[in-house]
Structures are given as structure tokens and as C-alpha cells.
Amino acid sequence: MGVIGDAWTWLTTGANWSGDGGAAHRLGEHLYVSGVSLAVAGAIALPIALYLGHKGKGGALAVNLSNVGRAVPVFAVLALFMVTSLRNSGYWPTIIALVLFAVPPLLTNAYVGMREVDRAVVEAARGMGMSGGQLFVRVELPLAYPMIMTGLRSAAVQVVATASIAAMVGLGGLGRIITAGFNTYDTAQVFAGAVLVAGLALVVEGVLVGLDRLLSPLRRRRPA
Amino acid sequence: MAEQSCLVTNDWICGEYLRSRSQELADATVQHIGITVVSVLIGFAVAFPLALLARRGPRFAAPVLGLTTVLYTVPSLAMFSLLLPLFGLSAALVVTGLVLYSLTILVRNILAGLDAVPQEAKEAARGMGYGPGRLLWEVELPLALPAVMAGLRIATVSTVALTTVGSLVGKGGLGNLIEDALPSFFKAQVLTAAVLCVVLAVVADLLLLGLQRLLTPWTRISGAVEAAPAKTDAGPPAPATVKAG
């Protein structure tokens, strides 16, 4: 009870939210690097995945990329950036790391989604005289949509999580509240920071689930 | 001309570092392996009954799958910090966090494996007088083994990577070496520890693949099954998530 009460006090103290190291600024940093990284990763991964999926090529790449992404520790990659001259370039080390870890889930899920489109449906569309482009826009994309959104969701959660690890190597973001708490043996602050980071991840997941339902081209969800 | 030590010039690759700190590297690797193995074993021991529970129907499946999914969404830094008041700065904190993460993958894969057992196989076993326990152990589990092992491999590889974050509380195996090297920008130590992490993950993955082959000799008999190893390697395609943060 003690820690939770103290953490609540920390969260409701205005002074902890203001200033350069305050929670509001850290949240802003977190959202900024996460948003930029997700946009860049999407711009790189989705065109490649959709093209490869449409053409039916590069399956090994899509699967292996995901496995590699799992095996490489985020913390190690951020640390590698921080012992090079990249450490002096503001948010770049974080953004590059976030993009690297957001690409695999985006690419793999979008690719699998495209490949899982029923071949019979594709053949039927071709038989109706659809061109490659029409097939892609009107058949494959709507049918692959659930998996593309699954990839987007797991990439977004991944990005928010990775952005918090950035604090462990001294970069900005909400994780700094946690690491600062560790440095001053302030368990209440550590707990408060953790609640903020976990809350943010859950909110992002929730918003994307809602967005998914709202935008679904089929309106009826496939059973998970 | 005297050669300058690679420790002084702060080279990425440094033989002298490997020689002089071999004990430190070995200790960190042992801690890393220990934390990973304990976490995955406990995770499996918890996930198995949870999967059996979830199989009893949607009344149980919904809360089990919902809870493990929520846990999986919590970033590792936050997870370890939320456990701090309960465990203090201990290896138990890191192991608990890693167990909670592994549950999602393991429960889903065990469930998927059991669900995919052909109905005819179960009917045949029941017809031969198999009770539910014997049916599970002698028919369903062996047939579910490839999916279960795929889950175990994914969980193990992610756990190896996630263990590094344990350096937050000083129990991160090779992650501790990375953290220690940061203030002095010690390149050789960061690179060596990072490479060792990836090597550990790959070795663990191959060992589990070998174990899977040993446990499922029948899959090697027919050529048809052997022709599609890529699919089983990837696990079920639906949750292609990457837990690294």
C-alpha cells in the first residue's frame, strides 16, 4: 500500500510534471520519437511487404526478419549507438533503433496477410478480368487488412516499449522517470514512472484496436 | 614502434579485452543462461495448466488470453519497475517479469497445438478406451508437440534478449556488462556482450530445434512433413509479435 500511495502522490504533484525533466516533457518526447519512428517504419516496411506479397516473392525474408528482430536485444542496439558519435545527435539514436525494431512486425504481418488471401478468390478476380492493380486495391488489400493492422498494433506497442528502454542509455522519453528514480533510490518515483509507461502502452494498444474496428473494410471481424 | 593496446585505443574488437576479462564474461554469460533457463521452465510450468484451463471453454479462455495479452503489452522497463516493491533488487524480480512475458506465447502455442489435433485421432483413442488423462499424454500432446516447441523456441529467444533489461536492477547477465561499459564508452565490451547475446539466442534456438527433432521422430519418416519446415519454424502466423522492449 505504501508504495502505491506514494506513487499516487508523485503522480498528482504538479511539480513532477513541469520543467525539462518533468513528466509532461518526457511524455512529449516519448510520443514524438514513437510517432516519427512508426511513420518511417511504415513508409519503409509496408510498400515492400505489400509488393512482395502481391508478387508472391520473398517469403523467407519476411519470416527471417521477424526472427532476427526477436533475437537482438533492444538495449544492446541502443548501447552500440551510444558508444559511437551518434550519441551527440539528439533523438536520432532512439529513432533509428525504434525504426529497426518496428520494421519486422510490420513487414512480416503485412506479407503474411497478403499471402493468406484465398487463392481461389484471386483466381476468380483475375477471371473477371481484373488487372494486377485492381486485384491489389480491390481484393488483396481489403482481405489482408486485418493482418496489416495486427502488424501495426504490435509495431506500435514495440515502439512505445523500446522508447522507454532508451532511458537506460541516457536518452529521453518517459523511461527517464524510472531510471531517475532508480538513481535516487526513490521507489515511489520508479513505480509512478512504470505506471505511466505501462499506461501509455495499453492506451496505444486500445486506440489502435478501436481504429482497426473503425476502419475495417469488411466491417465484420475475422475470428482471431 | 610499440603497439598500442586495443584497450587504450578503444577498438571495437579487442583480443586483449577477451583475454583479460574472460572470467567476467563467463560469469555474466552463466547468469544470463541461468535467468533465461529458469524463466522459461517456470513459464512453461505455469503456461501448461493455464492452456488446459483455457481449453475448457470460452468462459476460461477469455480471461486467460486477455490477461496474458495485457501483460505482454506492458513494456519490460515498466514491468520490472512495477515488480520492484514486491521483490526488491533481485534476480527473482527479473525472472518473474520474464515468466509473465513468456506466458502469452506459450499459452497460445500450446492451445493452438492442442486444438489442431485431428478429431479422428481423438475419437479413435476414445474408442480404444483411453481416458482423458491418457488421451492427453499419449495422443494429444505428442501431436501438439511441434506447435508447443515452436512456442518454446520463440519464448526462449525473446527471453534471452529481454534478460539484458534486467541490468536495471543489476541482474541482467550480459546486459550488466553493457550497462557498465556505457559511462566510459567501452566499445569492445558493448560489442562483445551484444554479440554473445545474439549467439546465445541462436544456440538456444538450435538446441530446441534439435530437441524437437528427437522428440518427434515420426515427422522425419514422411517426406511431405519434412518438405515444409519453414512453416513450423515460424510458429503460428497470427501473433507475429516481437517482444524486445
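Residues numbered from 1 in each chain as written. Chains lettered and ligands numbered in written order. Predicted model: local features only at pLDDT ≥ 70, side-chain atom pairs only at ≥ 80, totals over all residues. Heavy atoms only, no water.

1. Here we look at the overall build of chain B
Each helix and strand counted, chain B has twelve helices and zero strands in total. Going from N to C terminus, chain B has its helices and strands arranged as α-α-α-α-α-α-α-α-α-α-α-α. Relative to its full complement of 245 residues, chain B shows a buried share of 48%. When contacts within chain B are restricted to residue pairs at least 6 apart in sequence, long-range pairs at least 24 apart make up 74% of them. Total accessible area computed for chain B in this model is approximately 11300 Å², and 69% of it derives from carbon and sulfur atoms. (Helix = DSSP H or I, 4+ residues; strand = E, 2+ residues; numbered from the N terminus. Buried < 20%, exposed > 50% of the residue type's maximum accessible area, 1.4 Å probe, protein only. Contact = heavy atoms within 4.5 Å. Areas by Shrake-Rupley, 256 points an atom, 1.4 Å probe, with all protein chains shown as cover.)

2. So, unusual backbone geometry
At A:Tyr185, a residue that is not glycine, the phi angle is positive and equals roughly 50°. When you line up the elements, A:Tyr185 lands in the loop between helix H8 (175–183) and helix H9 (187–215). In this model, B:Phe185 sits at a positive phi of 50°, which is unusual for a non-glycine residue. Here B:Phe185 is to be found in the loop between helix H9 (174–181) and helix H10 (187–215). Under the relative-accessibility criterion, B:Phe185 is labelled partly exposed at 33%.

3. Observations concerning helix H7 (residues 132–165) of chain A
The periodicity of an α-helix, 3.6 residues per turn, causes residues three or four positions apart to be oriented the same way. In a regular helix each residue adds 1.5 Å, so 34 residues correspond to 50 Å; H7(A) covers only 43 Å between its end C-alpha atoms and thus falls short of that length. Along H7(A), the helix axis deviates most sharply at A:Tyr145, where the bend reaches about 50°; the proline A:Pro146 sits within four residues downstream. (Expected span 1.5 Å × (residues − 1). Bend = angle between axes of the 7 residues up to and from the residue.)

4. Some details on the interface of chain B and chain A
In this complex, chain B contributes 44 residues to the contact, which on the side of chain A involves 48 residues. Overall, the association of chain B and chain A removes approximately 3800 Å² of surface from exposure, summing both partners, and the carbon and sulfur fraction of that is 80%. Remark: the boundary between chain B and chain A carries zero salt bridges. In this assembly, chain B and chain A are joined by zero residue pairs in polar contact (both at pLDDT 80 or more). Of all elements in the fold, only helix H4 (58–73), helix H5 (76–87), helix H8 (132–163), H9 and H10 of chain B reach the threshold of two or more residues within the side of chain B that touches chain A. Per-class residue counts for the side of chain B that touches chain A are 32 nonpolar, nine polar and three charged. (Buried area = accessible area lost by both parts, 1.4 Å probe. Salt bridge = Lys/Arg side-chain N within 4 Å of Asp/Glu carboxyl O. Polar contact = N/O pair within 3.5 Å; in protein donor to acceptor, adjacent residues only side chain to side chain. Nonpolar A, V, L, I, M, F, W, Y, C, P; charged D, E, K, R; others polar.)

5. Quick notes on a positive patch on the surface
Side chains of A:Lys55, A:Lys57, A:Arg115, A:Arg119 and A:Arg126 sit close together on the surface and give a patch of like positive charge. With respect to the helices and strands, A:Lys55 occurs in helix H2 (residues 23–55). (Patch = residues over 30% accessible without salt bridge, like charges linked within 9 Å, V, L, I, M, F, W, Y side chains within 5 Å. Lys, Arg positive; Asp, Glu negative; His and termini not counted. Charge placed at Lys NZ, Arg CZ, Asp CG, Glu CD.)

6. Focus on the pattern of salt bridges
Residues and elements named next belong to chain A. A complete count under the given rule lists nine salt bridges over all chains for this structure. Salt-bridge contacts for Glu205 lead to Arg153; the nearest nitrogen and oxygen are separated by 3.7 Å. Within this pair, whereas Glu205 is found in helix H9, its partner Arg153 is found in helix H7, the two being separated by 52 residues in sequence. Judged by relative accessible area, Glu205 falls into the buried class, the value being 17%.

7. Things to note about the UniProt feature "domain: ABC transmembrane type-1" (unreviewed entry) in chain B
When the UniProt feature table is mapped to this numbering, "domain: ABC transmembrane type-1" (unreviewed entry) covers residues 29–208 of chain B. Here residues 29–208 of chain B runs as 83% helix and 0% strand, with 19 Å between its end C-alpha atoms. (UniProt positions renumbered as here; feature names shortened; annotations may be inferred.)

8. Considering the state of the cysteines
Residue and element names in this part refer to chain B. Counting across every chain of the model gives one disulfide over all chains. Covalent S-S linkage joins Cys6 and Cys14, the inter-sulfur distance amounting to 2.0 Å. Taking the torsion about the sulfur-sulfur bond, which here is approximately 70°, the covalent link between Cys6 and Cys14 counts as right-handed. Neither Cys6 nor Cys14 differs from the other in exposure class; each is buried. (Disulfide = S-S within 2.5 Å.)

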